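Notes for the structure review
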Amino acid sequence: MASSSFLFLHVLVMLSLASMAFADLSDDFYDDVCPEALPTIKRVVEDAVRQERRMGASLLRLHFHDCFVNGCDASILLDQTDTIDSEKTARANNNSARGFEVIDKIKSEVDKICGRPVVSCADILTVAARDSVVALHGPTWEVQLGRRDSTTASRTTANNDIPTPFMDLSALINNFKKQGLDEEDLVALSGGHTLGFAQCSTFRNRIYNDANIDSTFASQRQANCPRSGGDSNLASLDPTPALFDSKYFSNLVSNKGLLHSDQALFSGGETDDLVKTYSKNLKTFSEDFAESMIKMGNIKPLTGKQGQIRVDCRKVN
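What counts as what
- Residues numbered from 1 in each chain as written.
- Predicted model: local features only at pLDDT ≥ 70, side-chain atom pairs only at ≥ 80, totals over all residues.
- Heavy atoms only, no water.
- UniProt positions renumbered as here; feature names shortened; annotations may be inferred.
- Helix = DSSP H or I, 4+ residues; strand = E, 2+ residues; numbered from the N terminus.
- Buried < 20%, exposed > 50% of the residue type's maximum accessible area, 1.4 Å probe, protein only.
- Contact = heavy atoms within 4.5 Å.
- 1 Å grid on protein atoms, 1.4 Å probe; cavity = no way out; pocket = protein on both sides within 12 Å on 5 of 7 lines; lining within 4 Å.
- Points joined across faces, edges and corners; volume = space filled by probe spheres on them.
- Nonpolar A, V, L, I, M, F, W, Y, C, P; charged D, E, K, R; others polar.
- Salt bridge = Lys/Arg side-chain N within 4 Å of Asp/Glu carboxyl O.
- Phe/Tyr/Trp six-rings, centres within 6.5 Å; stacked < 30°, edge-to-face > 60°.
- Disulfide = S-S within 2.5 Å.
- Expected span 1.5 Å × (residues − 1).
- Axes fitted to C-alpha atoms, helices over the stretch in contact; angles between N-to-C directions.
- Parallel < 35°, antiparallel > 145°, perpendicular 65-115°, else oblique.

**Topic: the UniProt feature "binding site: Ca(2+) 1" (unreviewed entry) in the protein**
Per the UniProt record, the feature "binding site: Ca(2+) 1" (unreviewed entry) sits at D66, V69, G71, D73, S75 and E87. Taken along the chain, the residues just named run across 22 residues; in space they keep tight, none of their C-alpha pairs more than 13.0 Å apart. With respect to the element layout, G71 can be found in the loop between α3 (54-67) and α4 (100-114). Here G71 falls in the buried class, since its relative accessible area comes to 0%. Exposure remark for D73: the relative accessible area of 5% places this residue in the buried category. Those residues in contact with D73 that lie beyond four places of it in its chain are D66, A122, R148, D149, S150, L302 and R310.

Rendered as structure tokens:
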């Protein structure tokens, strides 16, 4: 009886701590201190996406890769120093993560309009991801704000915690579960691959060795991704890489997922039905994607007096 009471108390304490972590996040965090902050982020993101449609997917991916490494704290933006083990050189990010210059520009413009550094780089990443999706005709959602920036980074954690394109379904489920995300979040957030491109090195093994792949699709991808060489050659993750739609899921139902981890979502497992639903219903996918983005954006934020508001997103103050 005593042990069960202790367990109940432990759960209550953990829930209280979780509630405290999110208590300082709110959708009106900057309304008084800098009401022009969010419109400024939106303007710079829209300009960047207008110049290069691919940038929308890149900014979305930066936020994803940030949140999966010790929470949404802008650690992915820190450059290598004697004391910072930069996540930019982690396997998932090295010569792949991009959009850092856009974040720099947003930070510069926001600090100028606010008169001082009041908006964190972590919040900039979160809002820029939302605005990128909207710019490519996807859903919008209320972003919870008030995150602060980390003073550390971890390439090792990035290597361990960012999901790889080679994972099967059980590995993906466990990877997302570690972040407090469930199977619906996994499928919805993977739908972010309705935008953007992947490098040949990430899908070569799939197009030459996987059995559950449409043969014509595989041949088409092999034309630009040889068995050796061409590692950085790009292929779109779905047929409309600059438009938020449900074709990513339609591709999976047709065994045309570009990445092994994409097709794993429709491979006879427990996520098949949800993939089918999303392939036929853009509205449902859009709503679930927005909900899962909010959930992901709330992973272990630094709030209150934790962390700092960086002056330069690339380095600790």
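Following the structure, the description resumes.
**Brief notes about the layout of surface pockets**
In this structure, the largest pocket occupies an estimated 1000 Å³ of space. What lines the largest pocket is a set of 45 residues, and nearest its centre among them are R61, H65, A92, H193 and L259. At the level of secondary structure, the elements contributing two or more residues to the lining of the largest pocket comprise α3, α7 (169-177), α8 (183-190), β1 (197-199), α9 (200-209), α12 (260-263) and α14 (282-297). At eight residues, α3 tops the list of elements feeding residues into the lining of the largest pocket. Of the residues belonging to the lining of the largest pocket, the class tally is 25 nonpolar, 15 polar and five charged.

**As for empty space enclosed by the protein**
Summed over the entire model, instances satisfying the criterion amount to one cavity of 30 Å³ or more. Computed from the structure, the largest cavity encloses a volume of approximately 70 Å³. Taken together, H63, T126, A129, W141, E142, V143, Q144, R147, M293, I294, G297 and N298 make up the full set of residues lining the largest cavity. Broken down by element, the lining of the largest cavity gets its largest block of residues, three residues, from α14. Considered class by class, the residues forming the lining of the largest cavity number five nonpolar, five polar and two charged.

**With respect to the pattern of salt bridges**
Counting across every chain of the model gives 19 salt bridges. E46 is the partner of K42 in a salt bridge, and the nearest nitrogen-oxygen pair spans 2.7 Å. Of this pair, K42 and E46 both sit in helix α2 (residues 37-51), separated by four residues, roughly a single helical turn. K42 gets classed as partly exposed once you look at its relative accessible area, which sits at 36%.

**Here's the deal with the packing of aromatic side chains**
Here the structure, examined in full by the defined rule, presents twelve aromatic pairs. Geometrically, the ring pair formed by F29 and Y30 is edge-to-face, given 5.0 Å between the ring centres and 80 degrees between the ring planes. You can call F29 partly exposed: its relative accessible area is 37%. Judged by relative accessible area, which is 2%, Y30 ranks as buried.

**Points about the state of the cysteines**
One pass over the full model with this rule turns up four disulfides. Across a sulfur-sulfur distance of 2.1 Å, C121 and C313 are joined as a disulfide pair. Handedness here is read from the sign of the S-S torsion; for C121 and C313, about -95 degrees, the answer is left-handed. Within this pair, whereas C121 is found in helix α5 (residues 121-135), its partner C313 is found in the segment after α14, the two being separated by 192 residues in sequence. Side by side, C121 and C313 carry an identical accessibility label, which is buried. Between C200 and C225 runs a disulfide, and the two sulfur atoms are separated by 1.9 Å. Where C200 bonds to C225 through sulfur, the torsion about that S-S bond is close to 75 degrees, and the disulfide is right-handed. Placement of the pair is C200 in helix α9 and C225 in the loop between α10 (215-222) and β2 (234-236), with a sequence separation of 25 residues.

**Brief notes about α3**
The end-to-end C-alpha distance of α3 is 21 Å, a good match for the 20 Å that 14 residues give at a rise of 1.5 Å each. Of all 14 residues making up α3, twelve are buried, and the element is well covered by its neighbours. Buried within α3 we find M55, G56, A57, S58, L59, L60, L62, H63, F64, H65, D66 and C67. Buried residues in α3 make contact with α2, α4, α5, α7, α8 and α14.

**Digging into the packing of α8 against α14**
One can describe the packing of α8 onto α14 by two numbers: an axis separation of 8 Å at closest approach and a directional angle of 110 degrees. By the angle class used here, α8 and α14 are roughly perpendicular. Taken together, the residues of α14 that come into contact with α8 (itself represented by E184, D185, A188 and L189) are F285, D288, F289, S292, M293, K295 and M296. Looking at side-chain class alone, the contact of α8 with α14 contains six nonpolar, one polar and four charged residues.

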